[in-house]
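Coordinate analysis (summary)
Residues per chain, in single letters:
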Amino acid sequence: MPPQLACRTINVAHQQDKRHAARPLTIEPSCKDEARIGQKTQITRRWAKRGTRPVAPRDLRRASAWIFGAICPAEGKGAALVMPRCNSEAMDMHLAEISSQVAPGAHAVLMLDQAGWHMSGKLDIPANITLLPLPPKCPELNPVENVWQFMRDNWLSNRIFSSYDNVVDHCCHAWNRLIDQPWRIMSIGLRQWAHGS
């Protein structure tokens, strides 16, 4: 792996269920997206006593990292990598990580937007994943957008990151907290049009 693409794999706490091996091929509808997290953070809403103006820290430095995240809302699981850049090489690594989390005997249908690195002909798509591009300019169809909003609102905003490594550490910590709450992934990610009967 080239040094400029050094990444940290975030281990998924979800244990593979032995029941999956005995089933015929099952489909795992999944969603994937990326989010840039950096020192120049967003200011989010805060609870405060009526009539007061709460303060929030703000940083203007620009060190940042990318969380490549995918969730399977039906199973309440996910897989992610934190990367320094957003490109086809990083996408390849993330597809390999997603593939390793697909249950044995299952096939993931991965819904994603039509970013250039998602549709690149250079991608090495694992055999247990099929890419399903969403229509252009429709971020509301991708539940991972709501995952990023939840993570920013609860764990990644209104703070100062001291360095790039600190950004990466916070991204890993936030993703692992999310993965430890499979019911949260289900609540945020399930969509009637994708998972309804």
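Scope of this entry: the structure provided in the associated data block. (Residues numbered from 1 in each chain as written. Predicted model: local features only at pLDDT ≥ 70, side-chain atom pairs only at ≥ 80, totals over all residues. Heavy atoms only, no water.)

**Section: the pattern of salt bridges**
Threshold: In what follows, salt bridge is the name for a side-chain nitrogen of Lys or Arg lying within 4 Å of a carboxyl oxygen of Asp or Glu. Only runs of H or I of at least four residues qualify as helices and only runs of E of at least two qualify as strands under DSSP, and these elements are numbered from the N terminus. Relative accessibility under 20% of the residue-type maximum defines a buried residue, over 50% an exposed one, and the middle range a partly exposed one, all with a 1.4 Å probe and only protein chains included.
Applying the stated criterion across every chain yields a total of two salt bridges. Between Glu28 and Lys77 there is a salt bridge, with the nearest N and O atoms lying 3.2 Å from each other. Placement of Glu28 in strand S2 (residues 26-38) and of Lys77 in strand S4 (residues 77-83) is noted, with a sequence separation of 49 residues between them. On the accessibility criterion, Glu28 (3% relative accessible area) is buried. Classification of Lys77 as buried rests on a relative accessible area of 5%.

**Side note on unusual backbone geometry**
We note that Lys137 has phi near 60°; this positive angle belongs to a residue other than glycine. Counting through the fold element by element, Lys137 comes out in the loop between strand S6 (129-133) and helix H3 (144-156). Its relative accessible area of 81% is what places Lys137 among the exposed residues. Despite not being glycine, Asn158 has its phi angle at roughly 55°, a positive value. Within the secondary structure layout, Asn158 lies in the loop between H3 and helix H4 (164-179). The class of Asn158 is buried, set by a relative accessible area of 19%.

**Structural notes on the environment of Phe161**
Among the secondary structure elements, Phe161 is positioned in the loop between H3 and H4. Under the relative-accessibility criterion, Phe161 is labelled buried at 0%. Along the backbone, Phe161 and Asp59 are 102 residues apart, and their C-alpha atoms lie at a distance of 8.1 Å.

**Focus on H3**
For clarity, the threshold we go by: Expected span, for any helix, means 1.5 Å times one less than how many residues it has. What the arc describes is the spread of directions from the helix axis to the C-beta atoms.
The terminal C-alpha atoms of H3, which comprises 13 residues, lie only 16 Å apart, well short of the 18 Å expected from a rise of 1.5 Å per residue. Burial in H3 covers these residues: Val144, Val147, Trp148, Phe150, Met151, Trp155 and Leu156. The arc enclosing the buried residues of H3, seen along the axis, measures out at 165°, which places them on a common side. Asn158 lies just past H3 and shows a positive phi near 55°.

**Section: the packing of H3 against H4**
Defined as follows: Note on geometry: axes are lines fitted to C-alpha atoms, helical ones only across the stretch in contact, with angles between N-to-C directions running from 0 to 180 degrees. Orientation is classified from the angle alone, with under 35 degrees giving roughly parallel, over 145 giving roughly antiparallel, 65 to 115 giving roughly perpendicular, and any other angle giving oblique. Should the near helix be turned counterclockwise from the far one by less than a right angle, the crossing is left-handed, whereas a clockwise turn marks it as right-handed. Throughout, a residue-residue contact means that at least one pair of heavy atoms, one from each residue, lies within 4.5 Å. Residues were grouped as follows: Ala, Val, Leu, Ile, Met, Phe, Trp, Tyr, Cys and Pro as nonpolar; Asp, Glu, Lys and Arg as charged; and all remaining residues, including Gly, as polar.
Between H3 and H4, the least distance of the axes is 10 Å, while the angle of their chain directions is 115°. It follows that H3 is roughly perpendicular to H4 by the angle criterion. Like other packed secondary-structure pairs, H3 and H4 cross with a definite hand, here right-handed. Contacts from Val147, Trp148, Phe150, Met151, Trp155 and Leu156 in H3 reach His170, Cys171, Ala174, Trp175, Arg177 and Leu178 in H4. Considering only residue class, the contact of H3 with H4 consists of ten nonpolar, one polar and one charged.

**Some points on the nonpolar core**
The criterion, for reference: For the purposes of this section, nonpolar cores are sets of buried Ala, Val, Leu, Ile, Met, Phe, Trp, Tyr and Cys residues that join through side-chain atoms within 4.5 Å.
Counting 28 residues, the largest nonpolar core has Ile67, Val147, Trp148, Met151, Leu156, Trp175 and Leu178 as the members making the most contacts within it. When residues of this core are traced back to their parent elements, those giving at least two are S2, strand S3 (64-72), S4, H3, H4 and helix H5 (182-189). Ranked by the residues each element gives to this core, the list is headed by H4, at eight residues. Leu178 has contacts with Val147, Phe150, Met151, Trp155, Arg184 and Ile185, leaving out every residue within four places of it along the chain. Grouped together as the second largest cluster of nonpolar side chains are 14 residues, Leu95, Ala103, Ala108 and Leu112 included.

The quantities given are spatial measurements derived from coordinates; they are silent on function.
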